[in-house]
Amino acid sequence: MQGSLSDLRLKLKRVFARYYLDLCSPAIPDPSPAYDACRRYLDAWSESAEYGLVEGELSDEVERLSGEIEQDLRQKHKELDECFRDEPLEERFWEVVQQSRRAARR
């Protein structure tokens, strides 16, 4: 495992925020760094859990993380209201989580 669980969580939040900002801009968004950061975090989180990754806990963590990321972005980027409506952040975060988990199973 590379870094502590809290370090990996913070990196995931930062990387996903950058990806989301790209989604809201004319830039071509590349989700690959977000997938990688998410996979690393989920792997570490699963290893630290007594019985591995439990779906209910995953759902709670995704909701928590996406809420924290959205709150941070809303505070720093007042102009993103339209993007939050058109590209719901939690939905985009779930896409990253699901893709990361699929990639980890290969």
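In short, a report on the structure. Computed from a predicted model, the values in this text were never measured in an experiment.

Rules behind the numbers
Residues numbered from 1 in each chain as written. Predicted model: local features only at pLDDT ≥ 70, side-chain atom pairs only at ≥ 80, totals over all residues. Heavy atoms only, no water. Helix = DSSP H or I, 4+ residues; strand = E, 2+ residues; numbered from the N terminus. Expected span 1.5 Å × (residues − 1). Buried < 20%, exposed > 50% of the residue type's maximum accessible area, 1.4 Å probe, protein only. Disulfide = S-S within 2.5 Å. Patch = residues over 30% accessible without salt bridge, like charges linked within 9 Å, V, L, I, M, F, W, Y side chains within 5 Å. Areas by Shrake-Rupley, 256 points an atom, 1.4 Å probe, with all protein chains shown as cover. Salt bridge = Lys/Arg side-chain N within 4 Å of Asp/Glu carboxyl O. Lys, Arg positive; Asp, Glu negative; His and termini not counted. Charge placed at Lys NZ, Arg CZ, Asp CG, Glu CD. Axes fitted to C-alpha atoms, helices over the stretch in contact; angles between N-to-C directions. Parallel < 35°, antiparallel > 145°, perpendicular 65-115°, else oblique. Left-handed = near helix turned anticlockwise from the far one by under 90°. Contact = heavy atoms within 4.5 Å. Phe/Tyr/Trp six-rings, centres within 6.5 Å; stacked < 30°, edge-to-face > 60°.

When the terminal C-alpha atoms of helix H1 (residues 5–23) are compared, their 27 Å separation across 19 residues agrees well with the 27 Å that a helix rising 1.5 Å per residue should span. Buried within H1 we find Leu8, Arg9, Leu12, Lys13, Val15, Phe16, Ala17, Tyr19 and Tyr20.

Another point: the state of the cysteines. Such a bond, covalent and formed between the sulfur atoms of two cysteines, is termed a disulfide. Tallied over the full model, the rule gives one disulfide. Across a sulfur-sulfur distance of 1.8 Å, Cys24 and Cys83 are joined as a disulfide pair. Note on the Cys24 and Cys83 pair: the S-S dihedral is about -70 degrees, so by sign convention the disulfide is left-handed. Of this pair, Cys24 sits in the loop between H1 and helix H2 (32–48) while Cys83 is found in helix H4 (residues 81–86), placing the two residues 59 residues apart along the sequence. Counting only cysteine sulfurs, Cys24 is the nearest neighbor of Cys38, a cysteine outside any disulfide, at a range of 18 Å.

Right, let's get into a negative patch on the surface. Residues Glu57, Asp60, Glu63, Glu90 and Glu91 make up a contiguous surface patch of negative charge. Residue assignment for the negative patch shows that the elements contributing at least two residues are helix H3 (55–76) and helix H5 (89–105). Here the element with the most residues in the negative patch is H3; it accounts for three residues. Counting through the fold element by element, Glu57 comes out in helix H3.

Let us now look at the packing of H1 against H2. Their axes nearest at 9 Å, the elements H1 and H2 cross at an angle of 155 degrees. In terms of orientation, H1 and H2 fall into the roughly antiparallel class. The chirality of how H1 crosses H2 is left-handed. Residue-level contacts link Leu5, Leu8, Arg9, Leu12, Val15, Phe16 and Tyr19 of H1 to Pro33, Ala34, Ala37, Cys38, Arg40, Tyr41, Ala44, Trp45 and Ser48 of H2.

The next subject is the packing of aromatic side chains. In total, this model carries five aromatic pairs according to the counting rule given. Considering the side-chain rings of Phe16 and Tyr19, the 5.8 Å spacing of their centres and the 65 degrees angle between planes classify their relative orientation as edge-to-face. Remark: Tyr19 and Phe16 occur in helix H1; sequence separation between them is three residues, near one turn of the helix. In this pair, the class of Phe16 matches that of Tyr19, namely buried. Measuring from centroid to centroid gives 6.3 Å for Tyr41 and Trp45, while their planes differ by 5 degrees, and the two rings are stacked.

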